[in-house]
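Read off the chains here:
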Amino acid sequence: MGRRVDLIGLPTDVHSSFMRGPAKAPPLIREALFSPHGNSASERGLELGVDIKLNDCGDLLLREAPEDDAAIREAIAASLAAGAVPIALGGDHAVTFPVLQAIEARHGPVDILHFDAHPDLYDELDGDRRSHASPFARIMETGLASHLTQVGIRTLNAHQREQAARFGVTQVQMRDVPMWRPRFENGLYISIDMDGFDPAYAPGVSHHEPGGLSPRYVIDLLLSLDVVLLGADVVEFNPDRDINGVTAVLAAKLVKELAALAIKALKKKETII
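Residues numbered from 1 in each chain as written. Predicted model: local features only at pLDDT ≥ 70, side-chain atom pairs only at ≥ 80, totals over all residues. Heavy atoms only, no water.

Visitor: Residue-level account of the nonpolar core, with values.
Guide: Within the largest apolar cluster, 50 residues are counted, with the highest numbers of intra-cluster contacts made by L113, F115, I190, M194, F197, L225 and L254. Elements with a minimum of two residues in this core: β1 (4-10), α1 (25-33), β3 (85-90), β4 (110-115), β7 (188-193), α6 (215-224), β8 (229-235) and α7 (246-268). With 12 residues, the single largest contributor to this core is α7. Aside from chain neighbours lying at most four places away, what touches I190 is L113, F115, L222, L225, L229, G231, A232, D233, L258 and L261. Core analysis: the second largest hydrophobic core is formed by 31 residues, L62, I72, A75 and L230 among them. (Core = buried A, V, L, I, M, F, W, Y, C linked by side-chain atoms within 4.5 Å. Buried < 20%, exposed > 50% of the residue type's maximum accessible area, 1.4 Å probe, protein only. Helix = DSSP H or I, 4+ residues; strand = E, 2+ residues; numbered from the N terminus. Contact = heavy atoms within 4.5 Å.)

Visitor: Any details on the sheet that holds β1? Residues and values, ideally.
Guide: The 8 strands are arranged β2-β1-β3-β8-β7-β4-β5-β6 in an open sheet whose pairing can be described as parallel. Two strands close off the open sheet at either side, each with one partner strand: β2 (53-59) and β6 (170-173). When strand polarity is set aside, the average angle formed by the axes of neighbouring strands in this sheet is 15°. Pairing geometry for β7 and β8, over 6 bridges, is parallel. Residue pairing for β8: I190 is matched across the bridge by A232. Lying over the sheet, helix α2 (residues 67-81) contacts β1, β3 and β8, oriented at roughly 170° with respect to β1. (Pairing = 2+ DSSP bridges. Axes fitted to C-alpha atoms, helices over the stretch in contact; angles between N-to-C directions.)

Visitor: Talk me through unusual backbone geometry; I want residue IDs and the actual numbers.
Guide: A cis geometry characterises the amide bond from G90 onward to G91, with omega recorded as 15°. Residue position: G91 is located in the loop between β3 and α3 (96-107). Of note in the backbone geometry, E64 takes a positive phi value of approximately 55° without being a glycine. With respect to the helices, strands and loops of the structure, E64 is situated in the loop between β2 and α2. The residue D126 is not glycine, and still its phi comes out positive at about 55°. Residue D126 is classed as exposed on the basis of its relative accessible area, which comes to 68%.

Visitor: Kindly report on α3, identifying the contributing residues and their values.
Guide: Between its first and last C-alpha, α3 extends 16 Å over 12 residues, near the 16 Å set by a 1.5 Å rise per residue. Backbone geometry just after α3 places G108 at a positive phi near 80°. (Expected span 1.5 Å × (residues − 1).)

Visitor: An account of the environment of L144 is requested, with residue identities and associated values reported.
Guide: Topologically, L144 is positioned in the loop between α4 (135-141) and β5 (145-153). Taking the C-alpha atoms as reference points, L144 and I112, separated by 32 residues in sequence, lie 9.5 Å from one another. Beyond its immediate stretch of four places on either side in the chain, L144 contacts F97, L100, Q101, E104, G108, P109, V110 and I139.

Visitor: Summarise the pattern of salt bridges; cite the residues concerned and give the values.
Guide: Under the counting rule described, the total for this entry stands at 17 salt bridges. As a salt-bridge pair, K253 and E43 come within 2.8 Å of each other at their nearest N and O atoms. Here K253, found in helix α7, pairs with E43, found in the loop between α1 and β2; they are 210 residues apart in sequence, far enough to count as distant. R129 is paired through a salt bridge with D123; the nearest N and O atoms lie 3.1 Å apart. Connected through shared salt-bridge partners, E43, R216, D220, K253 and E257 make up one network. (Salt bridge = Lys/Arg side-chain N within 4 Å of Asp/Glu carboxyl O.)

Structure below.
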């Protein structure tokens, strides 16, 4: 099956601003991913365990301490060194910063495709510069991204508009999503915040924001990509607010489609990784 995809659980929500709960998410995403309610086939036709070598690395032991960032960087770096594509299971969105630090250390600055209701570009929130509302400010100011594209945004305030202009961010606001077509020329990192979806599809999030993305749109967009996927994360699933496990199942579906994209890209462009 060639190169593999590594699932790495990052069970922390210490930087959440409104309510906690995403730290509980990784085991529930796995449970939904491997549940007999469905099967292992992605919509690309690649199957987990057949075409996709999926290695579950379990959850990191995170302690809600500053040392957690180093532990995340080391785990992602080890995955990359083994030739794998890491998919991180959050956890809140603050984890994306140390994940991208490890990605950039190996591959240099990368393009980022970010699905979210919120830009997460605050310089700080409530005095926390590592807030889950701030990871992309840290990512952009430290040069981890060659370009950042944010899709599904529907909560822009004046400060975040200024930050987007400062960092040259492409923002596809929710009202413009139907007219947007993706174009990426570099290796890509994909970050999916589950509150980017309309709450009707993903009630299990801390910040409900109506008028959001549909699963069909996001899955079709992933299927349309022909890129080298260097890594990804699925974050901000809060099991405490889920209903009948529907958000967990959607998160698991996204993991499967991300894994299929990673393997397709590896097979086609093996020499680039």
